[in-house]
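# Descriptive analysis of the structure
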Amino acid sequence: LTVTVGVVADERGRGRAPHLLASAELACKRAKQQGRNRLELHSDDNTQMLVRRKELLAATSLQDALRTNDFRLEAQPIIGLFRRRGETVGHEVLVRMRSANAELLAPDKFIEAAERYELMPALDRWVLACAIDILREHDSLPAGASFMINVSAQSVASRKFASFALEQ
């Protein structure tokens, strides 16, 4: 039996409970990453803790966005290297997440957190289902049009995702 503990001090008694709990969770995760069976004290000046806090906030925002469908898909043209100049050979489907202030966030702002907190399968399902729904609405697509969707390793490893993709 081992014990891993994350501790945060609220010396002035001004901390809000959700912030304190998130900080304690980050300290606990750091203790686990450093070998378990230890106590880790949260420190605001700890760079690693700041990174984890940012990821935790991104994961929370991502969970909210998954509940409220606060994403947008974009199709980025793929230009063939050995084709006529500027010829599009397909499109890559990209996901953007809306922030609390309605700003569209690029994946680099939330994908790492989605991977760490195992939210990628839910995000991959959302992207696939939404992309297919959009493509169904466009019956005037040129013959041979192709759209690529990146899928995470977490989803690829899941048998549930394969059956979901086939069902879609």
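This text gives an overview of the structure that appears in the document.

### Side note on the environment of Leu105
Along the chain, Leu105 falls in strand S5 (residues 104-105). Here Leu105 falls in the buried class, since its relative accessible area comes to 16%. As a C-alpha pair, Leu105 and Arg72 span 33 residues in sequence and 9.6 Å in three-dimensional space. In this view, Leu105 contacts Val95, Arg96, Met97, Ser99 and Phe110; residues no more than four positions away in its chain are not counted.

### Some remarks on the packing of aromatic side chains
Taken as a whole and judged by the stated rule, the model has 3 aromatic pairs. Measuring from centroid to centroid gives 5.0 Å for Phe71 and Trp126, while their planes differ by 50°, and the two rings are tilted. Residue Phe71 is found in strand S3 (residues 71-79), and its partner Trp126 is found in helix H4 (residues 120-137); the two are separated by 55 residues along the sequence. On the basis of relative accessible area, Trp126 is assigned to the buried category, the value being 14%. The interplanar angle of 40° and the centroid separation of 6.2 Å between the aromatic rings of Phe161 and Phe164 together place this pair among those described as tilted. With Phe161 and Phe164 both in helix H6 (residues 159-167), this residue pair falls 3 residues apart, about one helical turn. With a relative accessible area of 8%, Phe161 lands in the buried category. Within the aromatic cluster, the residues linked to one another by ring pairs are Phe71, Phe110 and Trp126. Between Arg125 and the ring centre of Phe164, over which it is positioned, the NZ or CZ distance is 5.8 Å.

### Quick look at the packing of H4 against H6
Orientation of H4 relative to H6, taken along the N-to-C sense of each, is 10°, at an axis distance of 11 Å. Considered as vectors, H4 and H6 are oriented roughly parallel to each other. Contacts between H4 and H6 involve Asp124, Arg125, Leu128 and Ala129 from the first element and Lys160, Phe161, Phe164 and Ala165 from the second. Taken together, the residues of the contact of H4 with H6 sort by class into 5 nonpolar, no polar and 3 charged.

### Focus on the side chain of Glu40
One can find Glu40 in strand S2 (residues 39-41). Residue Glu40 is classed as buried on the basis of its relative accessible area of 9%. Beyond its immediate sequence surroundings of up to four residues, Glu40 is in contact with Val5, Gly6, Val7, Ala27, Arg30, Ala31 and Gln34.

### Topic: the nonpolar core
By size, the foremost hydrophobic cluster in this structure holds 22 residues, and its most contacted members are Phe71 and Val95. With sequence-adjacent residues up to four places away left out, Phe71 is seen in contact with Leu62, Ala65, Leu66, Val95, Arg96, Met97, Arg98, Leu123 and Trp126. Ranked by size, the runner-up nonpolar core spans 5 residues in total, among them Leu128, Ala129, Phe161 and Phe164.

### Looking at the pattern of salt bridges
Side chains that differ in sign of charge can pair as their charged atoms come close. Summed over all chains, the structure comprises 7 salt bridges. Salt-bridge contacts for Arg67 lead to Asp64; the nearest nitrogen and oxygen are separated by 2.2 Å. With Arg67 and Asp64 both in helix H2 (residues 47-68) and 3 residues apart, this pair spans about one turn of that helix. For Asp64, a relative accessible area of 35% corresponds to the partly exposed category. Linking Asp70 and Arg98 is a salt bridge whose minimum nitrogen-to-oxygen distance equals 3.6 Å. Of the two residues, Asp70 is situated in the loop between H2 and S3 and Arg98 in strand S4 (residues 88-98); the sequence distance between them amounts to 28 residues. Residue Asp70 is classed as partly exposed on the basis of its relative accessible area of 26%. A network of salt bridges, in which partner residues are shared, links Arg72, Glu74 and Arg96.

Calculation rules
Residues numbered from 1 in each chain as written. Predicted model: local features only at pLDDT ≥ 70, side-chain atom pairs only at ≥ 80, totals over all residues. Heavy atoms only, no water. Helix = DSSP H or I, 4+ residues; strand = E, 2+ residues; numbered from the N terminus. Buried < 20%, exposed > 50% of the residue type's maximum accessible area, 1.4 Å probe, protein only. Contact = heavy atoms within 4.5 Å. Phe/Tyr/Trp six-rings, centres within 6.5 Å; stacked < 30°, edge-to-face > 60°. Lys NZ or Arg CZ within 6 Å of the ring centre and 35° of its normal. Axes fitted to C-alpha atoms, helices over the stretch in contact; angles between N-to-C directions. Parallel < 35°, antiparallel > 145°, perpendicular 65-115°, else oblique. Nonpolar A, V, L, I, M, F, W, Y, C, P; charged D, E, K, R; others polar. Core = buried A, V, L, I, M, F, W, Y, C linked by side-chain atoms within 4.5 Å. Salt bridge = Lys/Arg side-chain N within 4 Å of Asp/Glu carboxyl O.

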